[in-house]
2 protein chains.
Amino acid sequence: MTKPLQVTFLGGDRGRWRVEKVKPVKGETLPHIDRLEIREGGFTPRFPCTWSLRGTTSNLRYTTEAEAKQLGDVQEGLGRRTATCAALIPIRKNEAWWSLAQNERRRIFEESSKHIAIGAEYLPEVSRRLHHARDLGEPFDFLTWFEFAAEHSGAFETMVARLRETPEWSYVDREIDIRLTRSP
Amino acid sequence: MTKPLQVTFLGGDRGRWRVEKVKPVKGETLPHIDRLEIREGGFTPRFPCTWSLRGTTSNLRYTTEAEAKQLGDVQEGLGRRTATCAALIPIRKNEAWWSLAQNERRRIFEESSKHIAIGAEYLPEVSRRLHHARDLGEPFDFLTWFEFAAEHSGAFETMVARLRETPEWSYVDREIDIRLTRSP
């Protein structure tokens, strides 16, 4: 299914996911929230919330055929019963990144930063969905949603720490790390 | 300037551009209009119109550094005084295209279809701006706007005919070719 899925993340005092922590990694943070609700399929009318962020799934931007096959063979979807932990990580990249040509961004993204390869080491334990937001005029460029079981929280922590040390991350000028849990 | 520019094309009975012809190339056409107006910067409230199409400029998706430099050295911007002819060509690509990985799309786009190379032959006579619409949930994936002087109409016709014969175009499942003129 490649049709873009429009998704709204609604932060406030209601929703299925309980917020454990809102950690500003770089740049301006977002106001604290207690709960997060995710609405899929169209940017529907919002219920009252502290903030909302919109994004859409899209086609692959850097992944090659071979990489896509490798990931597809092992990754798992969202909504697993045991995946009671989640992270929403909105990031924005700077003008220097966006003015690079496609092959330059690919080279930084994978050949030097191993973004796909690092992520692949944490499959199938961590599942993820990437939402693009930049072309929607949103304050962030990407909203990545991750789900994993509590026992894999340590592995997830290591993964995001490794990614943040890559050359690619030097182009990130705003990042917030929101951790969440839900009842099984 | 890489910040996405939100653009709305408003078709109806008013606007700077006079419509000469609305030609359905493939798939469902759009209702005939007499005039077209272009609004830039935010998807502003619409005045009454027959149809409106939204898109945003974005980062380069296939162009390499060398190609971008080559194009940048010769291409001209929109709004030239002598460019009294224009074309708005909305296209949609099929699911087969969008489910391809990045390197497969690049290979079809340039290595086999020479999309960039063909376009480059018509620079600086034809100027263009590409607007992405798929992730906005619009009926088309791309809205390309071209401007050229009347004396280059023949060259423009040849260019679009050549592109429509490429392997890339076999993935296009809807295309409309709207030709316009304005007073000098």
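Residues numbered from 1 in each chain as written. Chains lettered and ligands numbered in written order. Predicted model: local features only at pLDDT ≥ 70, side-chain atom pairs only at ≥ 80, totals over all residues.

Draft legend 1. Region of interest: the overall build of chain A. Scanning chain A from N- to C-terminus turns up five helices and eight strands. Mapped in sequence order, the helices and strands of chain A form the string β-β-β-β-α-β-α-α-α-β-β-α-β. Against the globule reference of 16 Å for 184 residues, chain A gives a C-alpha radius of gyration of 16 Å, in line with a compact fold. Looking at chain A residue by residue over its 184 residues, the buried ones come to 30%. Summarising the internal contacts of chain A: among those between residues at least 6 apart in sequence, 78% fall at separations of at least 24. (Helix = DSSP H or I, 4+ residues; strand = E, 2+ residues; numbered from the N terminus. Rg over C-alpha atoms; globule rule 2.2 N^0.38 Å. Buried ≥ 20, exposed ≤ 12 C-beta atoms within 10 Å, placed from the backbone. Contact = placed C-beta atoms within 7 Å.)

Draft legend 2. Spatial organisation of the confidence of the model for chain A. The share of residues in chain A with pLDDT of 70 or more is 98%, and the mean pLDDT across the chain is 95. Scoring the predicted complex yields pTM 0.94 and, for the interface, ipTM 0.91. (pLDDT = per-residue confidence, 0-100.)

Draft legend 3. View of the relation of the copies chain A and chain B. Superposing chain A onto chain B takes a rotation of 180 degrees plus a shift of 0.0 Å along the axis, which leaves an RMSD of 0.0 Å. Within this description, the copies of the chain are treated as partners about a two-fold rotation axis. Closest to the rotation axis within chain A is the C-alpha of L136 of chain A, separated from it by 3.4 Å. (Least-squares fit on C-alpha atoms with pLDDT ≥ 70 in both.)

Draft legend 4. The arrangement of the pairing of strand β5 (residues 85-93) of chain B in detail. Residues and elements named next belong to chain B. Of all nine residues that make up β5, nine are buried, and the element is covered over most of its length. Side-chain alternation along β5 places C85, A87, I89, I91 and K93 on one buried face and A86, L88, P90 and R92 on a second face that is also buried. Here β5 runs beside strand β7 (residues 142-148); their pairing, made up of seven bridges, is antiparallel. Each bridged residue has a counterpart across the sheet, and for C85 the counterpart in β7 is F148. Sheet topology note: the β5/strand β8 (residues 172-181) ladder contains seven bridges and is antiparallel. What sits directly across from I91, in β8, is E175. (Pairing = 2+ DSSP bridges.)

Draft legend 5. Expanded view of unusual backbone geometry. All names here are of chain A. Here the amide bond leading from L123 into P124 is cis, since omega sits at 0 degrees, within 30 degrees of zero. Relative to the helices and strands, P124 resides in the loop between α4 (115-121) and β6 (127-132). In this model, K114 sits at a positive phi of 55 degrees, which is unusual for a non-glycine residue. Residue position: K114 is located in the loop between α3 (102-112) and α4. Exposure remark for K114: the 17 C-beta atoms within 10 Å place this residue in the partly exposed category.

Draft legend 6. The arrangement of the interface of chain A and chain B in detail. Every contact between the two is made by 24 residues of chain A and, on the other side, 24 residues of chain B. Contributions of two or more residues to the side of chain A that touches chain B are made by α1 (65-74), α2 (95-98) and α3 of chain A. With three residues, α3 of chain A is the largest single contributor of residues to the side of chain A that touches chain B. For the side of chain A that touches chain B, the class distribution of residues is six nonpolar, 12 polar and six charged. (Nonpolar A, V, L, I, M, F, W, Y, C, P; charged D, E, K, R; others polar.)

Draft legend 7. Structural view of the nonpolar core. All names here are of chain A. Grouped together as the largest cluster of nonpolar side chains are 32 residues, with contacts concentrated most on A86, A87 and L88. Within the residue set of this core, elements represented by two or more residues are β1 (6-12), β5 (85-93), β7 (142-148), α5 (153-164) and β8 (172-181). Top element by residues in this core is β5. It accounts for six residues. When sequence neighbours within four positions are dropped, the list of residues in contact with L88 reads F9, L36, L143, W145, I178 and L180. (Core = buried A, V, L, I, M, F, W, Y, C linked by C-beta atoms within 7 Å.)

Draft legend 8. Representation of the pairing of strand β2 (residues 17-26) of chain A in the model. Residue and element names in this part refer to chain A. Pairing between β2 and strand β3 (residues 35-40): two bridges, direction antiparallel. For R18, the partnering residue across the bridge sits in β3 and is R35. Note: β2 against β8, seven bridges, orientation antiparallel. Within β8, the residue paired with R18 across the bridge is T181.

Draft legend 9. Up close: the environment of Q70 of chain A. Residue and element names in this part refer to chain A. Tracing the backbone through its elements, the reader meets Q70 in helix α1. Residue classification places Q70 among the partly exposed positions, given that 16 C-beta atoms sit within 10 Å. Separated by 50 residues in sequence, Q70 and A120 have C-alpha atoms that sit 8.5 Å apart.

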